[in-house]
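Descriptive structure summary
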Amino acid sequence: MQEPVLPRRLISQPFQSSYKSQGKARDAPLKRQCLPVVYQRQYRTQAGESKSDVSKAGNGAGSSSLTPRIIHTVKDLRAWRREALMNGKKVGFVPTMGALHAGHLNLVQASLENNDCTVVSIFVNPAQFAPHEDLSSYPRTLPSDTAALSQLSSGEDRRVDIIFAPSVSEMYPSGLTQVVQDQVGAFVEVKGLSHQMEGGSRPTFFRGVVTVCTKLFHAVQPDATYFGQKDIQQSVILRRLLSDLLFPFPEPQNMHVLPTTRDPITGLALSSRNAYLSPKTREKYAPALYRALMAGQLAWEQVQEPEEGKSSSGEGAMRIRRTLQAARKVIAGEAALAQKDGVRLQLDYISLNDPSTLANLEQQAASVGSSDFKVDKAIMSGALLASEIEPDGKKSRVTRLIDNVLLGFSM
């Protein structure tokens, strides 16, 4: 399989080194002959706001004013896709909920560099939000997202071709309620991988993610798709979906997971929800989770593999224990400092999980017995809840931050 060429110009400089070993120089791209672009008369955001016309003005090489075509219906998207298929074009796809940041744009850039045509979806999916979560306040920024995508290119003539921005009724024709027990219609679940890690606190989250991605994959029929490592559990689940349900578009090996894009100074994983944080919390305290994961990674690497011929009894359990202790100690210390500064940090979880089964390795070690347990690779992930304490003692909005590092393997 041809490895994707990873984008570099949007990656924060201090973290570029993590990309170098994963991308390979690619042969000169095929001359692009994508489909003609039509003018868009009008579009609406999912919040219902009417926006001004957008169009794709010209197709000159290197022009920064070219705007992707915005499609709202599956029917129109499929018509475009049929023509791309007849023309023999390879289509890359980046699914998003909008409010795009540099992490999203890195994924889009990878698609541009490895495919003839690129589709980006922008859809805030209600099915993955529980009734008490932030669906109504989640940022919807289609005009600025369109402008950001218009600036991306690869070579002389590769640009984002399509923004697929459907309505909720287009994606859920049978209607949708956020109360799972009351939902009607077809939904998709991946059993065994959705209840741990993020699923522990958000039990219906991955049901919504898998359902909407199934719909998007059917609508776009991409040859390749691109996701970020920040949502590692999502990536593991979706690869299992593609494999178990025999998806032809994309095939499992053509789902690419790119390294997390981070703030160049603090290392904070970029997320659309970072916009909820105050500058103080974002710069000083939100990176606590990343610092904890780095401490855990260091502890993991310091546990030496046993020499050949010597017993490895207890090594796996000890590695797990020391790794998690190091990470949790950092969070405890950071939370105490933050509390004095009016910021509350609450750890939801930090765990080590098997990369394939997502089984909790700490629990496995306890059940198997420390002397018999061996481990040489793991996902270390966590979730941290950050909020500021107002003068009246009330908390501001709680922002959920997630992050992870891969230990002993790569995606």
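Everything discussed here concerns the structure shown above.
Residues numbered from 1 in each chain as written. Predicted model: local features only at pLDDT ≥ 70, side-chain atom pairs only at ≥ 80, totals over all residues. Heavy atoms only, no water.

Residues in a regular strand point their side chains to alternate faces of the sheet. Buried residues dominate strand E4 (residues 91-96), accounting for 6 of its 6 residues. Across the two faces of E4 the burial is the same, with Val91, Phe93 and Pro95 and Gly92, Val94 and Thr96 all buried. In this sheet, strand E5 (residues 117-122) lies alongside E4 in parallel orientation, the contact comprising 6 bridges. In the sheet register, threonine 96 faces E5, and the bridge partner there is isoleucine 122. For the handedness criterion, the β-α-β arrangement of E4, helix H3 (residues 102-114) and E5 is classed as right-handed. As defined by bridge partners, E4 adjoins strand E7 (residues 224-228) across 2 bridges and the pair is classed as parallel. Note on E7: the bridge partner recorded for phenylalanine 93 is threonine 225. (Buried < 20%, exposed > 50% of the residue type's maximum accessible area, 1.4 Å probe, protein only. Helix = DSSP H or I, 4+ residues; strand = E, 2+ residues; numbered from the N terminus. Pairing = 2+ DSSP bridges. Right-handed = clockwise from strand over helix to strand, strands pointing away.)

Our focus in this paragraph is the sheet that holds strand E3 (residues 69-71). Here we have 6 strands laid out as an open sheet, ordered E3-E6-E5-E4-E7-E8, and parallel in their pairing. Of all strands in the sheet, those with a lone pairing partner are E3 and strand E8 (255-258), marking the two edges. Taken over all neighbouring pairs, the strand axes of this sheet differ in orientation by 25° on average, direction set aside. Summarising the sheet, E3 and strand E6 (residues 162-164) pair through 3 bridges and their orientation is parallel. Bridged to isoleucine 70 within E6 is isoleucine 163. Where helix H2 (residues 74-86) meets the sheet, it contacts E3, E4, E5 and E6, and its direction lies at approximately 130° from that of E3. (Axes fitted to C-alpha atoms, helices over the stretch in contact; angles between N-to-C directions. Contact = heavy atoms within 4.5 Å.)

Moving on to unusual backbone geometry. Here the bond from phenylalanine 249 into proline 250 is cis, since omega is -5°, no more than 30 degrees from zero. Along the chain, the position of proline 250 falls in the loop between helix H8 (232-244) and E8. Within the chain, glutamine 221 stands out as a residue other than glycine whose phi angle is a positive 50°. Of note, leucine 358 is a non-glycine position whose phi angle comes to about 65°, a positive value.

This part is about the nonpolar core. Core analysis: the biggest nonpolar cluster contains 46 residues, and Leu77, Trp80, Val119 and Phe164 have the highest contact counts within it. For this core, the element with the highest residue contribution is helix H7 (residues 205-220), accounting for 10 residues. When residues are assigned to domains, this core turns out to be shared by domain 1 (69-258) and domain 2 (272-304 + 313-407), each giving three or more. The contact partners of valine 119, leaving out residues within four places of it in the chain, are Trp80, Val91, Gly92, Phe93, Val94, Ile162, Phe164 and Val220. Counting residues in hydrophobic clusters, the runner-up holds 31 residues, among them Leu277, Leu293, Ile350 and Phe373. (Core = buried A, V, L, I, M, F, W, Y, C linked by side-chain atoms within 4.5 Å. Domains from an automatic or database assignment.)

This brings us to the packing of H2 against H7. Contact pair H2 / H7: the axes reach a minimum separation of 8 Å and the direction vectors enclose 45°. Regarding the angle of H2 to H7, the classification is oblique. Residues Val74, Leu77, Arg78 and Arg81 of H2 lie in contact with H7, whose contacting residues are His218, Ala219 and Val220. Tallied by class, the residues present in the contact of H2 with H7 amount to 4 nonpolar, 1 polar and 2 charged. (Parallel < 35°, antiparallel > 145°, perpendicular 65-115°, else oblique. Nonpolar A, V, L, I, M, F, W, Y, C, P; charged D, E, K, R; others polar.)

Once that is clear, we can look at the environment of threonine 211. Position of threonine 211 among the secondary structure elements: in helix H7. Given a relative accessible area of 1%, threonine 211 falls into the buried group. Taking the C-alpha atoms as reference points, threonine 211 and glutamine 128, separated by 83 residues in sequence, lie 8.9 Å from one another. Once you skip the residues sitting within four places of it in the chain, threonine 211 turns out to touch Tyr172, Ala186, Phe187 and Val188.

So yeah, pure geometry; function would need other evidence.
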